[in-house]
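Report on the structure
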Amino acid sequence: MQSVEPIITAHLFPKLDEALIKLLKSLSLEEWNRKTIVPKWTVKDIAVHLLDGNIRALSMLRDSYLGQDAPKINSYQDLVNYLNELNADWIKAMKRVSPVVLIDLLEKTGKEYSDFITTLNLEEKATFSVAWAGEEESKNWFHIAREYTEKWHHQQQIRLALGKEEVLYQREFYFPHLDTSMRALPHHYKDVEGEKNEYIHFHITGKAGGDWFLYYDGKHWILVDEIKTNPVCKVEIEYKIAWRLFTKGISKSEAQKNINIKGKKELGEKILDMLAVMA
């Protein structure tokens, strides 16, 4: 039994951006304005949000420019509220920008961002921790993987609205998103009591899916790469639902219809509340 390995994703950023740009260049005006599963956001709004991610990352991490001072952050919810406010301001300001200009900006900043992350030492401390995994300090490899999940799931929100999701369900793209998101499991289960040496087995279906195991050492839940005994609970999640479950893109009641739990049901149901985004 070993702890899980780091996730390497930097090489996927250019490929993911290429798929996005190709898609956006094919859209009609009606498709740009189509509603998505994100409340109040259209396809264009999500593309705008992706641009904001590129620009903010380059400004803060590459150029060491933080802009205006953030308000006092005293809790996780304070941070979420602050980020939501930033997102809303950006979306409103970008209403005046055409799809053509938006695509040009995404192409330029996407390449610069992809180039920048390849310069980071993966084992060094990241500027920002992965808060949804409960970390106060994270390594660069985890920060980069977290950013990959952001780019992946926002592009998939666009694709879902357009009925063109299959490209990102390829294992090359989807498994790293799932593997990164599942790193939230130990933090999410931190207040759940188990019995020493118990395992929970999580299985996501499909060619891009996989298996993850939580082990209880008597005090903490630990994500491990294999199990030594039969799990006390097995949770099977339909692959098209998994990413939506972890990104607040589906209701709990709807998700339950696509999840099968065997064994200790109270342990398995806990995952229905897990998020791998700042929300």
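It should be noted that the structure appears before, not after, this text.
Everything in this summary refers to the structure shown in the same document. This one's a predicted model, so the numbers in the text were calculated from it and none came from an experiment.

**Let's talk about the pairing of strand β2 (residues 210-216)**
Among the seven residues of β2, six are classified as buried, and the element is accordingly described as predominantly covered. Pairing analysis gives six bridges linking strand β1 (residues 199-204) to β2, with the strands arranged antiparallel. Residue His203 lies in a different strand from β2, and its bridge partner there is Asp211. Here β1 folds back onto β2 in antiparallel fashion, the turn holding five residues, of which Gly206 has a positive phi close to 90°. Note: β2 against strand β3 (residues 221-224), four bridges, orientation antiparallel. Each residue of the ladder has a partner; that of Tyr216, found in β3, is Trp221. In this antiparallel pair of consecutive strands, β2 and β3, the connection spans four residues, and Gly218 shows a positive phi of 110°.

**As for the sheet that holds strand β5 (residues 259-263)**
Sheet architecture is open: five strands sit in the order β3-β2-β1-β4-β5, paired in mixed fashion. In this open sheet, the two edge strands, each paired with only one partner strand, are β3 and β5. Ignoring strand direction, the axes of neighbouring strands in this sheet form an average angle of 20°. Sheet topology places strand β4 (residues 233-237) next to β5; five bridges connect them, and they run antiparallel. Bridged to Val235 within β5 is Ile261. Helix-sheet contacts for helix α9 (residues 239-246) involve β1, β4 and β5, and the interaxial angle to β4 is about 100°.

**A few points about the pattern of salt bridges**
For side chains bearing opposite charge, pairing can occur when the charged atoms are close. All chains considered together, the criterion is met by 22 salt bridges. Note that Lys95 and Asp45 form a salt bridge whose closest N and O atoms lie 3.0 Å from each other. Linking Lys95 in the loop between α4 (76-93) and α5 (99-117) with Asp45 in helix α3 (residues 43-62), this pair joins segments that are 50 residues apart in sequence. Among the residues examined, Lys95 registers a relative accessible area of 53% and is labelled exposed.

**Concerning the packing of helix α7 (residues 171-181) against α9**
At a minimum axis distance of 11 Å, the contact between α7 and α9 shows a crossing angle of 45°. If you check the angle between α7 and α9, you find them oblique. The element α7 and its partner α9 pack so that their crossing is left-handed. Touching Tyr174, His177, Leu178 and Ser181 of α7 are Tyr239, Ala242, Trp243 and Phe246, all from α9. Its residues placed into classes, the contact of α7 with α9 shows six nonpolar, two polar and no charged.

Criteria and thresholds
Residues numbered from 1 in each chain as written. Predicted model: local features only at pLDDT ≥ 70, side-chain atom pairs only at ≥ 80, totals over all residues. Heavy atoms only, no water. Buried < 20%, exposed > 50% of the residue type's maximum accessible area, 1.4 Å probe, protein only. Helix = DSSP H or I, 4+ residues; strand = E, 2+ residues; numbered from the N terminus. Pairing = 2+ DSSP bridges. Axes fitted to C-alpha atoms, helices over the stretch in contact; angles between N-to-C directions. Contact = heavy atoms within 4.5 Å. Salt bridge = Lys/Arg side-chain N within 4 Å of Asp/Glu carboxyl O. Parallel < 35°, antiparallel > 145°, perpendicular 65-115°, else oblique. Left-handed = near helix turned anticlockwise from the far one by under 90°. Nonpolar A, V, L, I, M, F, W, Y, C, P; charged D, E, K, R; others polar.

Nothing here speaks to function; it is all geometry.
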